[in-house]
Amino acid sequence: MPDSPAAWSRRRLLRTAGLAGLGLAAGPSLLAACGGAESGAPAPAAGGTHLRVALGWITNVEFAGYWVAQDRGYYQQEGLQVEFLPGGPNAPTATATLASGGADIGIPVALQEFISAVNSGNDFVTYASQFQNTPAGFLSLAKKPVRAAADLVDATVLGQQGVQPYVEAAMKLAKVPVRYKFIPVGYDPSPLLDGQGDVYTCFATNQPITLEQRGLKPGTDFFVTTYEQLGLAQYTSLLCSSRSWLAANRGTVVKFMRASIRGWQDNAADPSGAAKLAVDKYGADLGLDLAQQTRENQLQIAFTQSPTTQSSGLMRIDPKRLSGPMYTAFAAAGVSPLPDVAKVVDTTVLDEVFQGKATV
């Protein structure tokens, strides 16, 4: 029987957690990703510059802004014919598809995937980040809330194999004893509710929704503490291309980013619209639940925001933030080597998109 969307989402947690902790990613030898026909997303319309974008996950509401941009004709207005290539549990990573020549732009699932691809010899450049921080974090109940790294000391942590380096990195950065019990579990928070542990590794845009659907209230019955709150900030869902392709197609990338950012701006104003697009159109064959997708979109909008985006526009990458606190967190988690930020980040693409403003 095929995996359900919920199972896919839980597998994504494992894949991202493993990348986050170990810096692992597939090399360029992997096969190209499957074509858009398997995603449920419509084939690109004829005409315009054809652009292939490899997604880091299935065509659900995680990519809300792109669906809005596509549906409202923003890409067409820029003279683009955009084809979104779906990811998923049985597809190569976005960076593997990019490295094999199967895509022009990749949106890897985690920053570590991008770093690992660069370390594997790929001359990739990133110029935008869909999310300003990872939604990965810790889910705990009111009887024993985990709000700081010190709360992890001597705690029983329920999580997926591969997240341990981040648990330990949070404790190291906080200079508290690295002492805890780890119990491997699946991707449903039920073991936490059953009292099998004190805290559960989660995505703030995923498992907490399960608790809400069971009648529990965030901030009262349960708490979500993100990696960022524990000093483990990281950009998530970077947009990247090969250096040579970007140099030859810079104008096309600027157009794509301008249209995409318009879509993400619209999505922030109406999360329900993009959720309906994901359920009825772009992920129509995935069996997505509208209420869940709407709530996920509401929750993920906060992760698209940061002080930098508020002053300079969405999707911005701050090289100092990346090379400073983010690289410090990666080093504590054992991710090595860490590439020179000045060589792998190009901030000028979005400078051209925004033209000194915070919106487009």
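Calculation criteria
Residue indices begin from 1 for each chain and proceed along its sequence in written order. Selection of residues for local features in this predicted model requires a pLDDT of at least 70, selection of side-chain atom pairs for listing and counting requires 80 or more, and totals for whole chains, interfaces and linings are taken over all residues. Only hydrogens and water are set aside when side-chain values are computed; all heavy atoms of the structure are taken into account. By the criteria applied, helices consist of DSSP H or I runs no shorter than four residues and strands consist of E runs no shorter than two, each listed in order from the N terminus. Per-residue accessibility, obtained with a 1.4 Å probe over protein chains only, is compared with the maximum for each type, and a residue is labelled buried under 20%, exposed over 50%, and partly exposed between these values. Only heavy atoms matter for contacts: two residues are in contact if any of them lie within 4.5 Å across the pair. Looking at any residue, its pLDDT shows the predictor's confidence there, from 0 to 100. Each polar contact in these results corresponds to two N or O atoms within 3.5 Å; when the atoms are within protein, one needs to be able to donate a hydrogen and the other to accept it, and residues that are neighboring in sequence are counted only if both atoms are side-chain atoms. We define a nonpolar core as any set of buried Ala, Val, Leu, Ile, Met, Phe, Trp, Tyr and Cys residues linked to one another through side-chain atoms lying within 4.5 Å. Each Phe, Tyr or Trp ring, with Trp reduced to its six-membered ring, pairs with another whose centre is within 6.5 Å; inter-plane angles below 30 degrees give stacked pairs, above 60 give edge-to-face pairs, and intermediate values give tilted ones. Any carboxyl oxygen of Asp or Glu that lies within 4 Å of a side-chain nitrogen of Lys or Arg is treated as forming a salt bridge with it.

> Report on the overall build of the chain, specifying residues and quantitative values.
On a plain count of helices and strands, the chain comes out with 16 helices and ten strands. Looking at the chain as a whole, 57% of its 360 residues qualify as buried. For the chain, restricting intrachain contacts to residue pairs at least 6 apart in sequence, the fraction spanning at least 24 positions comes to 81%.

> Explain the confidence of the model for the chain to me, using residue names and the numbers behind them.
Counting all residues, the mean pLDDT for the chain is 89, and 87% of those residues have values of 70 or more. Note that pLDDT drops below 50 for residues 1–44; the model gives that stretch 109 contacts with residues more than four away or on any other chain.

> Can you lay out the side chain of Q132 for me, pointing to particular residues and giving the numbers?
By secondary structure assignment, the location of Q132 is in the loop between β4 (124–131) and β5 (136–141). In terms of polar contacts, Q132 uses its side chain to reach the side chain of S306, at 3.0 Å. From its side chain, Q132 meets the backbone oxygen of R316 in a polar contact 2.9 Å long. The residues contacting Q132, other than those within four sequence positions of it, are Q234, Y235, F303, T304, Q305, S306, T309, M315, R316, R321 and M326.

> With reference to specific residues and values, describe the nonpolar core.
Ranked by internal contacts, the top residues of the largest apolar core, which has 46 residues, are Y66, L239, F256, M257 and M315. At seven residues, the largest contribution of residues to this core is made by helix α10 (residues 250–269). Contacts of F256, omitting those with residues within four sequence positions, involve L51, V53, Y66, Y75, L80, V82, F84, I105 and L239. Formed by 44 residues, the second largest nonpolar core is a distinct cluster that contains L152, Y180, L322 and M326.

> Tell me what's going on with the packing of aromatic side chains, and back it up with residues and numbers.
Geometrically, a pair of aromatic rings is defined through the distance of the ring centres and the angle of the planes. Summed over the entire model, instances satisfying the criterion amount to 13 aromatic pairs. Measuring from ring centre to ring centre gives 6.4 Å for F63 and W67, while their planes differ by 75°; the resulting arrangement is edge-to-face. There is no split in this pair, since F63 and W67 are both buried. Between Y166 and Y227, the aromatic rings sit 4.7 Å apart at their centres with planes inclined by 40°, giving tilted as the arrangement. Within this pair, whereas Y166 is found in helix α6 (residues 164–173), its partner Y227 is found in the loop between β9 (222–226) and β10 (236–242), the two being separated by 61 residues in sequence.

> Explain unusual backbone geometry to me, and be specific about the residues and the numbers.
Look at the link from S336 to P337: it is a cis peptide, with omega at -5°. As for its position among the elements, P337 is in the loop between α14 (319–332) and α15 (341–344). The backbone of D154 shows a phi angle near 65°, a positive value even though the residue is not glycine. By secondary structure assignment, the location of D154 is in the loop between β5 and β6 (156–159). The class of D154 is exposed, set by a relative accessible area of 51%. Not every positive phi belongs to a glycine, and K175 is a case in point at roughly 60°. Within the fold, K175 resides in the loop between α6 and β7 (181–184). Note on K175: relative accessible area 74%, which makes it exposed.

> How would you summarise the pattern of salt bridges if you had to cite specific residues and measurements?
Applying the stated criterion across every chain yields a total of twelve salt bridges. For the salt bridge of R52 with D104, the shortest nitrogen-to-oxygen distance reads 3.0 Å. Highlighted residues: R52 in strand β1 (residues 49–54) and D104 in the loop between α4 (94–99) and β3 (105–106), separated in sequence by 52 residues. R243 is the partner of D123 in a salt bridge, and the nearest nitrogen-oxygen pair spans 2.8 Å. With a gap of 120 residues between them, D123 in the loop between α5 (111–119) and β4 and R243 in helix α9 (residues 243–248) connect regions that are remote in the sequence. What makes R243 partly exposed here is its relative accessible area of 33%. Among the charged side chains, a network of salt bridges with common partners joins R250, D346 and E352.

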